[in-house]
Amino acid sequence: MSLRQKQIKKTKGSLRTLVFLPLLNVPTETFVRDHIEKLPGEVIAVTGRTPSFYYSLVYALYRSPLYLLRLFARVCVRFLPPHLGYKDEDLLAEELIDARPDVVLAEFGSSGIQLLRLCQEARLPLVVHFHGHDASAEEAISNDVYRPLFEYASSLIVVSKVMAKALQRLGASTKKIQLIPYGVSIEKYRNRTFPETRRFLTVGRFVEKKGMLQALRAFHRLLGKYPHATLTMIGEGPLRPSCERFVAAHGLQGKVHFLGECTHEDVLVAYRNADCFLQHSVRASNGDSEGQPVAILEAAAAGLPIISTRHAGIPEAIKHNKAGFLVAEHDVEGMARAMEILFTDPKRALGWGKAAHAHIKKYYSQEVQIRQLNASLEAAATRSPKKRAA
């Protein structure tokens, strides 16, 4: 496969980095796109899959605005083989040889596993960036699958202290674990300056760990006292039909608006038009947990007060009773009470929003995050087995 068939980006910098990820241009993986676009030097993005026509068709149907087509796609997904479209090792080896990288950045632990043997044989330094599911879900961390990867990798990037502890429990050396939280471009976000608390917003995939139905239930409780509130829900996923049925069963049409999958530009507009951000993140039944929800960082950067849960890295980004309000996982009543507090005290909401913006600006700058990640990649390239052997 020639380099023309890969995504390549060149900017100032001497490092040649191969970013390896499952699929290109996944809408919800903005953090991966930022790495590809903003890491200095030459960045070559290579995917671990070559989607078949069947896979591509199902994915297109899944994103359809028509409910029946989305439903059909969800049925089809059940019959897709789990490794459909995965590239064989010969093809991946050819791509590694063609790319001639100084260092490899594997996005997700599963990508690191897929490349491990090839990097060992090519004596290429490997940095693995964990994001959430790959450090928590039972199917991802069973059978000591990561131990050889932990041993070979130059460094292991995590986005929260909770994730760092998770990797330590799996056998990773603390010396290799590096905490680099996600970052946001503060200049994109307009800090809100008006004290309103009627318009609530959620952004994320409709999957179990995002807790969309719990947030919806909390909003329903708020409406009993404050019928003028509205909730906008952005995103797609297998649990959206459950939320839509809840809305229909409780007569919430006109109060809850489903916008589906939106462009990042549309999401920025949604932040500007909202008054408070909700996310009821929970540990899923299979153990899947968040890393550090980017939507929460973005909403905080936009000056929105945050109502969320004490889950994964969220308490590190949102200080309880200062920049928002955090409740226990599955505490729907607690989330409803927090929403009521902000609804009845707009000045507090405005103050929390300002504090949220200031905290993100100070500790979650994308510029700092990219600089730290690049430093980790440069250090790995310097310590590469090839250079040590030279």
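**Some thoughts on the pairing of strand E6 (residues 155-158)**
Moving on, step 1. Of the two faces of E6, the one carrying Ser155 and Ile157 and the one carrying Leu156 and Val158 are both buried.
Moving on, step 2. Relative to E6, strand E5 (residues 126-129) runs parallel, the two being bridged by three bridges. Its bridge partner lying in E6, Val128 is registered against Leu156.
Moving on, step 3. As for the winding sense of the linkage, the β-α-β connection from E6 through helix H8 (residues 161-169) to strand E7 (residues 177-179) is right-handed.

**Some points on the layout of surface pockets**
Moving on, step 1. Considered as a void within the structure, the second largest pocket measures approximately 250 Å³ in volume.
Moving on, step 2. With four residues, H8 is the largest single contributor of residues to the lining of the second largest pocket.
Moving on, step 3. Residues of the lining of the second largest pocket, tallied by class, amount to seven nonpolar, six polar and three charged.

**Looking at the sheet that holds strand E8 (residues 199-203)**
Adjacent strands of a sheet pair through backbone hydrogen bonds, lying either parallel or antiparallel.
Moving on, step 1. An order of E10-E9-E8-E11-E12-E13 is seen for the six strands of this open sheet, with the pairing classed as parallel. The open sheet is flanked by strand E10 (256-260) and strand E13 (324-327), the only strands paired with a single partner. The mean angle between the axes of side-by-side strands here comes to 20°, regardless of whether they run parallel or antiparallel.
Moving on, step 2. When E8 meets strand E11 (residues 276-279), the two strands line up parallel, connected through two bridges. Paired with Phe200 across the two strands is Cys276, which belongs to E11.
Moving on, step 3. Against the sheet, helix H11 (residues 264-272) makes contact with E8, strand E9 (230-234) and E11, and its axis sits at roughly 150° relative to E8, the strand it touches most.
Moving on, step 4. Running at roughly 170° to strand E12 (residues 306-309), helix H14 (residues 332-344) makes contact with E8, E11, E12 and E13 of the sheet.

**Some points on the environment of Ile341**
Moving on, step 1. Looking at where Ile341 falls in the secondary structure, it is placed in helix H14.
Moving on, step 2. Counting along the chain gives 16 residues from Ile341 to Phe325, while the straight-line C-alpha distance between them is 9.6 Å.
Moving on, step 3. Aside from chain neighbours lying at most four places away, what touches Ile341 is Phe325 and Arg348.

**Description of the confidence of the model for the protein chain**
Moving on, step 1. For the protein chain, the average pLDDT comes to 86, and 82% of its residues sit at 70 or higher.
Moving on, step 2. Per-element mean pLDDT across the protein chain ranges from 53 in helix H17 (residues 385-389) up to 98 in E12.
Moving on, step 3. Confidence drops under pLDDT 50 across residues 1-5; counting only partners more than four residues distant or on other chains, this segment forms ten contacts.

**So, empty space enclosed by the protein**
Moving on, step 1. Evaluated as defined, the whole model comprises two cavities of 30 Å³ or more.
Moving on, step 2. Put simply, the largest cavity is a space of about 140 Å³.
Moving on, step 3. In this structure, the largest cavity is lined by 16 residues; those nearest its centre are Asp34, Gly183, Val184, Glu298 and Gln366.
Moving on, step 4. Breaking the lining of the largest cavity down by element, the ones donating at least two residues are helix H1 (30-38), helix H12 (294-301) and helix H16 (366-382).
Moving on, step 5. In terms of residue count, H1 provides more of the lining of the largest cavity than any other element does, five residues in total.
Moving on, step 6. Residue composition of the lining of the largest cavity, by class: five nonpolar, seven polar and four charged.
Moving on, step 7. Considered as a void within the structure, the second largest cavity measures approximately 30 Å³ in volume.
Moving on, step 8. What lines the second largest cavity is simply Thr202, Val203, Lys210, Gly211, Met212, Ala215, Leu278, Gln279 and His280.
Moving on, step 9. Those elements that provide at least two residues to the lining of the second largest cavity are E8, helix H9 (212-223) and E11.
Moving on, step 10. Classifying every residue of the lining of the second largest cavity by side-chain character gives four nonpolar, four polar and one charged.

**Structural notes on the pattern of salt bridges**
Moving on, step 1. One pass over the full model with this rule turns up twelve salt bridges.
Moving on, step 2. In this structure, Arg348 engages Asp345 in a salt bridge whose closest nitrogen and oxygen atoms are separated by 3.4 Å.
Moving on, step 3. It is possible to trace a salt-bridge network through shared partners that takes in Glu236, Arg240 and Glu244.

**Side note on unusual backbone geometry**
Moving on, step 1. A positive phi is found at Ala312, a non-glycine position, where the angle reads about 50°.
Moving on, step 2. Within the element layout of this structure, Ala312 appears in the loop between E12 and helix H13 (314-317).

**A short note on the packing of aromatic side chains**
Moving on, step 1. Scanning all chains against the criterion turns up ten aromatic pairs.
Moving on, step 2. Here the aromatic rings of Phe31 and Phe108 are separated by 6.4 Å at their centres, their planes lie at 65°, and the arrangement is edge-to-face. Placement of Phe31 in helix H1 and of Phe108 in the loop between strand E4 (103-107) and helix H5 (109-122) is noted, with a sequence separation of 77 residues between them. In this structure, Phe31 and Phe108 share a single accessibility class: buried.
Moving on, step 3. Here Tyr226 and Phe343 contribute two aromatic rings whose centre-to-centre distance is 4.6 Å and whose plane-to-plane angle is 35°, an arrangement assigned as tilted. Here the residue Tyr226 occupies a position in the loop between H9 and E9, and Phe343 occupies one in helix H14, the gap between them amounting to 117 residues.
Moving on, step 4. Chaining the aromatic ring pairs together yields one cluster made of Phe31, Phe108 and Tyr182.

**With respect to the pairing of E9**
Moving on, step 1. Of all the five residues making up E9, four are buried; the element is thus mostly covered by neighbouring parts of the structure.
Moving on, step 2. As paired elements, E8 and E9 share five bridges and run parallel to each other. Bridging across to E9, Arg199 finds its partner in Thr230.
Moving on, step 3. Regarding topology, H9 serves as the crossover connection from E8 to the parallel E9, and that connection is right-handed.

Thresholds, definitions, all that
- Residues numbered from 1 in each chain as written.
- Predicted model: local features only at pLDDT ≥ 70, side-chain atom pairs only at ≥ 80, totals over all residues.
- Heavy atoms only, no water.
- Buried < 20%, exposed > 50% of the residue type's maximum accessible area, 1.4 Å probe, protein only.
- Helix = DSSP H or I, 4+ residues; strand = E, 2+ residues; numbered from the N terminus.
- Pairing = 2+ DSSP bridges.
- Right-handed = clockwise from strand over helix to strand, strands pointing away.
- 1 Å grid on protein atoms, 1.4 Å probe; cavity = no way out; pocket = protein on both sides within 12 Å on 5 of 7 lines; lining within 4 Å.
- Points joined across faces, edges and corners; volume = space filled by probe spheres on them.
- Nonpolar A, V, L, I, M, F, W, Y, C, P; charged D, E, K, R; others polar.
- Axes fitted to C-alpha atoms, helices over the stretch in contact; angles between N-to-C directions.
- Contact = heavy atoms within 4.5 Å.
- pLDDT = per-residue confidence, 0-100.
- Salt bridge = Lys/Arg side-chain N within 4 Å of Asp/Glu carboxyl O.
- Phe/Tyr/Trp six-rings, centres within 6.5 Å; stacked < 30°, edge-to-face > 60°.

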